[in-house]
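Each chain is listed here by its residues.
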Amino acid sequence: MSRQMKSVSLRSAIALALAAVLSGTVVHAQSTTGSIIGQAPVVSGETVLIQGSNGLTREVPVDSRGRYSAVSLPLATYTVSLQQNGKTLDTRDHVTLRVGIATNVSFSATASANTSPAGVQQLSTVSVSANALPPIDVTSTGSSTIITAEQMARLPLARTAEAVALLAPGALPASTYFHGAMGNTLVSFSGSAATENAYYINGFNTTDPLSGFGGITLPYGAVEQEEILNGGYSAAYGRSDGGVISQVGKRGTNQWHFGAQVLWQPAFAQNDQRNIYYARGSKAGQIFQRKNQNKSWETTVDAYAGGPLIKDRLYVFAAVEAKQQQGNTISDKSSTPANTRYTYKDPKSYLKLDWNINDSNILELTGVSQTHRSDASDYAYDYDSGSTGGFVSKDTTNKTSAKIYVAKFTSYITDDLTLSAMYGKSSIDYFTQVPDSGVDGPSIRGLDQENPAYVGNQPRTNGQTIDVVNNPSHRSTNRNLRLDLTYKIGDHSITAGIDNQDSHDIDDGATIGSGYELWYGKGDPNTDISESPFVDAPGKYPGGEEGYFGYIRHYSNSASVRVKQRAQYVEDHWQVTDRLMLQLGIRNDQFTNYNPAGAPYLRLTSPQWAPRLGFSWDVHGDSSLKVYGNAGRYYLAMPASVALRTAAGSIATNQYFTYTGIDANGMPTGMTFLKSSTGGAVSPNGEYGQPPDPKTVSAQNIKSEYQDEFILGFDQQINPKWLWGMKGTVRHLRNALDDVCDNGAIGRAAQAQGADLSTLTIGSCYLSNPGRANTYDLVNASGGYTKVTVTNKDFGFPQLKRNYDGLEVYLSHPFDGKWSGKIDYVWSHSYGNTEGQVTSFTGQQNVSATRDWDYYQLMLYANGDQGNDRRHALKIYGSYQIAPEWMVSANLSILSGLPKECLGFFGTQQNDPVGYGSYYHYCDGQPSPPGKVGSNPWQEIITGSVEYRPQWADHKLAFNLMVYNLLNQQRPLQISPGYGSSKSINDSYERVIDYTMPRYVRFGISYDF
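Predicted, not measured: the structure shown is a model, and the values here were computed from it. (Residues numbered from 1 in each chain as written. Predicted model: local features only at pLDDT ≥ 70, side-chain atom pairs only at ≥ 80, totals over all residues. Heavy atoms only, no water.)

Engineer: Which residues make up the sheet that holds strand 2 (residues 46-52), and what values do they have?
Structural biologist: Across the sheet, 4 strands lie side by side as 3-2-5-6; this open sheet has antiparallel pairing. The sheet is open, and its two borders are formed by strand 3 (57-61) and strand 6 (87-96), each paired with just one other strand. On average, each strand axis in the sheet is tilted by 20° relative to the strand beside it, whichever way the strands run. Here strand 5 (residues 77-84) runs beside strand 6; their pairing, made up of 7 bridges, is antiparallel. Within strand 6, the residue paired with Tyr 78 across the bridge is Val 95. (Pairing = 2+ DSSP bridges. Helix = DSSP H or I, 4+ residues; strand = E, 2+ residues; numbered from the N terminus. Axes fitted to C-alpha atoms, helices over the stretch in contact; angles between N-to-C directions.)

In structure tokens:
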């Protein structure tokens, strides 16, 4: 082709790039498919033939304005041909789709100028390349990041869905307190709590049904593309006000492919971890946990195979992954000293069948399994000598196993009407096996708080290793049904559908295996341990003169509960002009939570309208500059585990005592029980084991948690190799659910409204909308209910507040066969008086049952920087092909530190009015909002890799070396916030919770055939 002809062709392609917005294509975030759209000259008898490597063939017409589109195409590589009366005029090969993206393949007017055989031959050399166009999708209005399998293979990453997600702007590591059911770390998106995200595999919701901590994910080598959404997604999806991690698995093609990989992360190539020391109090400078003797090694073996069972009709793809980690960890000084030697096994598998029934109907079947198993043995450990002794006992064995089955049917009923139906179900078993410890006695905790007058510098314990034991029969199930119907008419592409989900939490529960826990503690001897419920000061009793005390803790819960979620939506993609596209959608969610008796205790079925409005403006009409915006509302359901502490009869009590000695087994002697409001054990949340009336569990006017979000941004092509853009994001949490336990305020409001308190039964805690007026049903003497409305002023609460403001700027160079790179910077601020469903500062994991909002005293001066706030985040990653056989890659993450918090006793008097100990927003008697005492250090983590693919092996064999945390920077991630009081500063205050993971090296070898 002549240089002149190339120039003409490229100009024609750019002029026709607006076909991306002219096609009326609907592409949904969290979808599993892509689309091909474009423009062609208006000639009678003209069609576009699309043929995929997956055997799929579709022929679509070109309309009267020269537009065509093929929607809901499975991810594959396609050949796109322009035809007239069955004759091929022009062809484009190797068109690769990206999930949720409309790929533009347009044809110039000269393509149909001559339909003679000679003309066809000539024009076949002038095909328009999709990647010759500006790589900006002008059909999207949301905020998503797509990482392909090729990028995942090139970049130096941990092999998890969460590690991939952290490449996206606004995605940050969640607190190390939180982990998923499979042991995975979690992600916080744009200030939201770690439980407010959603996970998908091939369109099926795999989010943890119990508490929302993470979800089931694919084997790393089975992922075709991972889409990370940080807001702005369509009305077709919901149940998240954080972010979305959506994985699309690989599928078979008409060519067989095989491959295998072995990864090794040896202990000798891992740097020592930093020890943790006491920072304040009487033990300042002493070691709390020895971590420099912790070592581990890890191996991962995976393999895959995929190809045609019947060419052009039936395909299979299968992948397996087996990861094993072995190592040891030394316990901290608050529990029985032990060196625990563990083994983690994490096998995964994936199977995908694709059946092209005919050119109009496709059936996809997916099977996924994932298991996390931990086995461990405890050995005696001596902190003074740093030596490990003999075997003590087996530790608890845990095995969490998940299985997922998904069927999806797609029917191209007509060229303008497409039906998609998906049904899937999952089951998860949470097996726990507790060995006989051989010790007759309770688990003793708080050993570092034993009175040194009785034990010296060597804490005493009975060696009991059995603590809280989960029900070994515990399991959960989840079912998800989706129906989506898309119809194109004129400039509109309208989609409507339903999204139903049912989850069951079966035989959930836990108890203390040894009967009870024995805790040691220390405080101000002259201050009541708790004012409400009342527990006397230890200094009034023998042995408590210096503030030392203990308590016996009982804890248990057990329940089988379920959650029903229903949703309907409709959305219109309207091409208003050649350059302006509007996305107009609305979604209605309904949530119902049931207690163990099957009665609904939380019914949120009134219309919960969630508008999703967006626009995309192709400024110049050539896809080189896009301005876009999105405004949406997102509702979040309560997961199943909320019922365990809220709607079931749970027990959580403490009985306090002083002591005058400690025997050789760590048991107190000379015990004197402290006076209390009950005469015995107390429970700040009133958890004494009584099952509540489902009508009294929650406020009668309660509403779901929801968040409003606003996005405005632009993407611009600087030149054919470089892109840049900016995006602003604003989020406001408008409503939240949490338990409120101030029954005194409820009683006062009832009395003010004319009720006779002697005839009413007021519960301990109620699931409520904090920051709003709540109406409760109180059981009266006649067996009925008395309604009482308690305003925010009655409770003394501030208005609910969680805001997020973020500004992103990026510069990107897509991979051109030689190198790729991206620089992404986000300034953000997450602030308010609530983090959401959980609390990162203190590691509270009880969803919507945190200590926040229990009493007004806990919320005074709570407004400040929230637990996921990182003001600055700079991410730089990319790869460079330095030679045909060699590639180097790097991933740099620079994050400002998380805010610190100081939680002490209440007010200038530093007392404890509601019995929560050192948990008020006061420090040394002064107001202390979150972040007032500063922030943790910045984190700068550099990870690099080098890969060698020898030419003598046809580049199919690869050797890889990756180094994580190249500079071995280990800085505090989070510190303990419990201050205590001026008279008795807690030993744990400002103690480091966790440091950055030290440097380690990973070796790999792979072969792809």
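Engineer: Before we move on, could you go through the side chain of Gln 370 and cite the residues and values that matter?
Structural biologist: Its place among the elements puts Gln 370 in strand 21 (residues 361-382). The exposure class of Gln 370 is buried, given its relative accessible area of 7%. A distance of 3.1 Å separates a polar atom in the side chain of Gln 370 from the backbone nitrogen of Thr 217. Excluding residues that lie within four positions of it along the chain, Gln 370 makes contacts with Met 182, Ile 216, Thr 217, Pro 347, Lys 348, Thr 400, Ser 401 and Ala 402. (Buried < 20%, exposed > 50% of the residue type's maximum accessible area, 1.4 Å probe, protein only. Polar contact = N/O pair within 3.5 Å; in protein donor to acceptor, adjacent residues only side chain to side chain. Contact = heavy atoms within 4.5 Å.)

Engineer: Can you lay out the domain arrangement of the chain for me, pointing to particular residues and giving the numbers?
Structural biologist: Assigned domains of the chain: these are domain 1 (26-104), domain 2 (143-249) and domain 3 (437-464 + 507-561 + 644-693). Between domain 1 and domain 2, the C-alpha centre-to-centre distance is 30 Å. Each partner contributes to the interface: domain 1 provides 10 residues, whereas domain 2 provides 16 residues. Counting across the domain 1 and domain 2 interface gives 0 salt bridges. Linking domain 1 with domain 2 are 3 residue pairs in polar contact (both at pLDDT 80 or more). Its residues assigned to classes, the side of domain 1 that touches domain 2 shows 5 nonpolar, 4 polar and 1 charged. (Domains from an automatic or database assignment. Salt bridge = Lys/Arg side-chain N within 4 Å of Asp/Glu carboxyl O. Nonpolar A, V, L, I, M, F, W, Y, C, P; charged D, E, K, R; others polar.)

Engineer: Pulling in residues and values, what's your account of the UniProt feature "domain: TonB-dependent transporter Oar-like beta-barrel" (unreviewed entry) in the chain?
Structural biologist: When the UniProt feature table is mapped onto this chain, "domain: TonB-dependent transporter Oar-like beta-barrel" (unreviewed entry) is found at residues 339-594 and 608-882. Taken as a whole, residues 339-594 contains 2% helix and 70% strand, while its terminal C-alpha atoms sit 43 Å from one another. Here residues 608-882 runs as 8% helix and 45% strand, with 55 Å between its end C-alpha atoms. (UniProt positions renumbered as here; feature names shortened; annotations may be inferred.)

Engineer: Tell me about the pattern of salt bridges, and please be specific about residues and values.
Structural biologist: Applying the stated criterion across every chain yields a total of 35 salt bridges. The partner of Arg 251 in a salt bridge is Asp 354, with the nearest N and O atoms 2.7 Å apart. Within this pair, whereas Arg 251 is found in the loop between strand 14 (244-249) and strand 15 (257-265), its partner Asp 354 is found in strand 20 (residues 338-358), the two being separated by 103 residues in sequence. Accessibility assignment for this pair places Arg 251 and Asp 354 in one class, buried. Two residues, Glu 808 and Lys 727, come together in a salt bridge whose shortest N-O distance is 3.7 Å. With Glu 808 in strand 48 (residues 802-813) and Lys 727 in strand 42 (residues 722-735), this residue pair connects regions lying 81 residues apart in the sequence. Given a relative accessible area of 8%, Glu 808 falls into the buried group. On the accessibility criterion, Lys 727 (7% relative accessible area) is buried.

Engineer: Provide a residue-level description of empty space enclosed by the protein, including the pertinent values.
Structural biologist: A full pass over the atoms with the stated rule returns 13 cavities of 30 Å³ or more. Roughly 240 Å³ of internal volume is contained in the second largest cavity. Of the residues assigned to the lining of the second largest cavity, the class counts are 8 nonpolar, 10 polar and 2 charged. (1 Å grid on protein atoms, 1.4 Å probe; cavity = no way out; pocket = protein on both sides within 12 Å on 5 of 7 lines; lining within 4 Å. Points joined across faces, edges and corners; volume = space filled by probe spheres on them.)

Engineer: Now, about the UniProt feature "domain: TonB-dependent receptor plug" (unreviewed entry) in the chain: what can you tell me, with residues and values included?
Structural biologist: As annotated in UniProt, the feature "domain: TonB-dependent receptor plug" (unreviewed entry) corresponds to residues 140-243 in the numbering used here. Segment residues 140-243 splits into 11% helix and 23% strand. End C-alpha atoms: 17 Å apart.

Engineer: For the nonpolar core, give the residues involved together with the corresponding values.
Structural biologist: Core analysis: the biggest nonpolar cluster contains 86 residues, and Ile 216, Tyr 601, Leu 602, Tyr 776, Leu 778 and Phe 795 have the highest contact counts within it. Looking at which domains feed residues into this core, each of domain 2 (143-249) and domain 3 (437-464 + 507-561 + 644-693) gives three or more. The contact partners of Leu 778, leaving out residues within four places of it in the chain, are Ile 746, Ala 750, Leu 760, Thr 761, Ile 762, Tyr 766, Gly 784, Tyr 785, Thr 786 and Val 788. If you look at the next biggest cluster of nonpolar residues, it comprises 26 residues, including Leu 56, Leu 75, Leu 82 and Val 99. (Core = buried A, V, L, I, M, F, W, Y, C linked by side-chain atoms within 4.5 Å.)

Engineer: How would you summarise the pairing of strand 4 (residues 67-74) if you had to cite specific residues and measurements?
Structural biologist: For strand 4, the buried fraction is high: 8 of the 8 residues fall into the buried class. With 6 bridges joining them, strand 1 (residues 33-39) and strand 4 adopt antiparallel strand pairing. Bridge pairing links Gly 34 to Leu 73 in strand 4.

Engineer: Describe the sheet that holds strand 12 (residues 204-205), and please don't skip the residues or the numbers.
Structural biologist: The 5 strands lie next to each other as 8-13-14-11-12, forming an open sheet whose pairing is mixed. Edge positions in the open sheet fall to strand 8 (144-148) and strand 12, since each of these has one partner strand only. Two strands pair when backbone bridges link them, and strand 8 and strand 13 (residues 223-229) are joined in this way by 5 bridges, in the antiparallel orientation. Within the sheet, the bridge partner assigned to Thr 148 lies in strand 13 and is Gln 225.

Engineer: Break down the environment of Asp 378 for me, with residues and values.
Structural biologist: With respect to the helices and strands, the residue Asp 378 is situated in strand 21. Setting aside residues no more than four positions away along its own chain, Asp 378 makes contact with Ala 338, Asn 339, Thr 340, Phe 391, Val 392, Ser 393, Asp 395 and Thr 465. Among the polar contacts listed, one links the side chain of Asp 378 to the side chain of Thr 340, at a separation of 2.7 Å.

Engineer: Outline the environment of Asp 715, supporting the account with residue identities and numerical values.
Structural biologist: For Asp 715, the position within the fold is in strand 41 (residues 705-719). Residues Asp 715 and Val 809, 94 residues apart in the sequence, show an inter-C-alpha distance of 9.9 Å. Not counting the four nearest positions on each side in its chain, Asp 715 is found in contact with Ile 136, Ser 624, Leu 625, Lys 626, Tyr 628, Trp 724, Gly 725 and Tyr 810. Only 2.7 Å separates the side chain of Asp 715 from the side chain of Tyr 810, close enough to count as a polar contact.

Engineer: Please set out a nonpolar patch on the surface residue by residue, giving values where relevant.
Structural biologist: A grouping of Trp 256, Phe 258, Leu 309, Ile 310, Tyr 1007 and Phe 1009 is seen on the molecular surface, where their side chains present a nonpolar patch of about 610 Å² in accessible area. Tracing the sequence through the fold places Phe 258 in strand 15. (Patch = residues over 30% accessible without salt bridge, like charges linked within 9 Å, V, L, I, M, F, W, Y side chains within 5 Å. Areas by Shrake-Rupley, 256 points an atom, 1.4 Å probe, with all protein chains shown as cover.)

Engineer: Could you give me a rundown of helix 8 (residues 743-752), with the residues and numbers involved?
Structural biologist: Three or more residues of helix 8 are buried, namely Ala 745, Ile 746, Gly 747, Ala 749 and Ala 750. Where helix 8 ends, the next residue or the one after it, Gly 754, has phi of about 90°, a positive value.

Engineer: Requested: an account of the side chain of Gln 707, with residues and values cited.
Structural biologist: Among the structural elements, Gln 707 can be located in strand 41. Taking relative accessible area as the criterion, Gln 707 reaches 2% and is therefore assigned buried. A distance of 2.8 Å separates a polar side-chain atom of Gln 707 from the backbone oxygen of Asp 241. Within the structure, Gln 707 has its side chain in polar contact with the side chain of Arg 802 (distance 2.8 Å). Once residues lying within four places of it in the same chain are set aside, the contact partners of Gln 707 are Ser 192, Asp 241, Gly 632, Arg 633, Tyr 634, Arg 731, His 732, Leu 733, Arg 734 and Arg 802.

Engineer: Summarise the state of the cysteines; cite the residues concerned and give the values.
Structural biologist: Summed over the entire model, instances satisfying the criterion amount to 2 disulfides. A sulfur-sulfur separation of 2.0 Å characterises the disulfide bridge that pairs Cys 741 with Cys 765. Taking the torsion about the sulfur-sulfur bond, which here is approximately 105°, the covalent link between Cys 741 and Cys 765 counts as right-handed. Note that Cys 741 is positioned in the loop between strand 43 (738-740) and helix 8 and Cys 765 in the loop between strand 44 (760-761) and strand 45 (766-768), a separation of 24 residues in sequence. Residue classification places Cys 741 among the buried positions, given a relative accessible area of 1%. Classification of Cys 765 as buried rests on a relative accessible area of 18%. The disulfide that involves Cys 902 links it to Cys 923, with 2.0 Å between the sulfurs. Judged by the sign of its S-S torsion, about 70°, the bond between Cys 902 and Cys 923 is right-handed. (Disulfide = S-S within 2.5 Å.)

Engineer: Describe in detail the packing of aromatic side chains, supporting the description with residues and values.
Structural biologist: Working definition: an aromatic ring pair is given by the centre-to-centre distance plus the angle between the planes. Taken as a whole and assessed by the stated rule, the structure comprises 35 aromatic pairs. Measuring from centroid to centroid gives 5.9 Å for Trp 264 and Phe 1003, while their planes differ by 35°, and the two rings are tilted. Here Phe 1003 lies in strand 61 (residues 1000-1008) and Trp 264 lies in strand 15, a separation of 739 residues in the sequence. Accessibility expressed as a relative area gives 32% for Phe 1003, which makes it partly exposed. For the pair Phe 795 and Phe 797, a centre-to-centre distance of 5.2 Å together with 25° between the ring planes defines the contact as stacked. Residue Phe 795 is classed as buried on the basis of its relative accessible area, which comes to 2%. Among the aromatic side chains, those forming a connected cluster through ring pairs are Tyr 454, Tyr 520, Phe 657, Tyr 659 and Phe 673. Lying across the ring of Tyr 810, Lys 822 places its NZ or CZ 5.1 Å from the centre. Cation over ring: Arg 991 sits above Phe 288, and NZ or CZ is 3.6 Å from the ring centre. (Phe/Tyr/Trp six-rings, centres within 6.5 Å; stacked < 30°, edge-to-face > 60°. Lys NZ or Arg CZ within 6 Å of the ring centre and 35° of its normal.)

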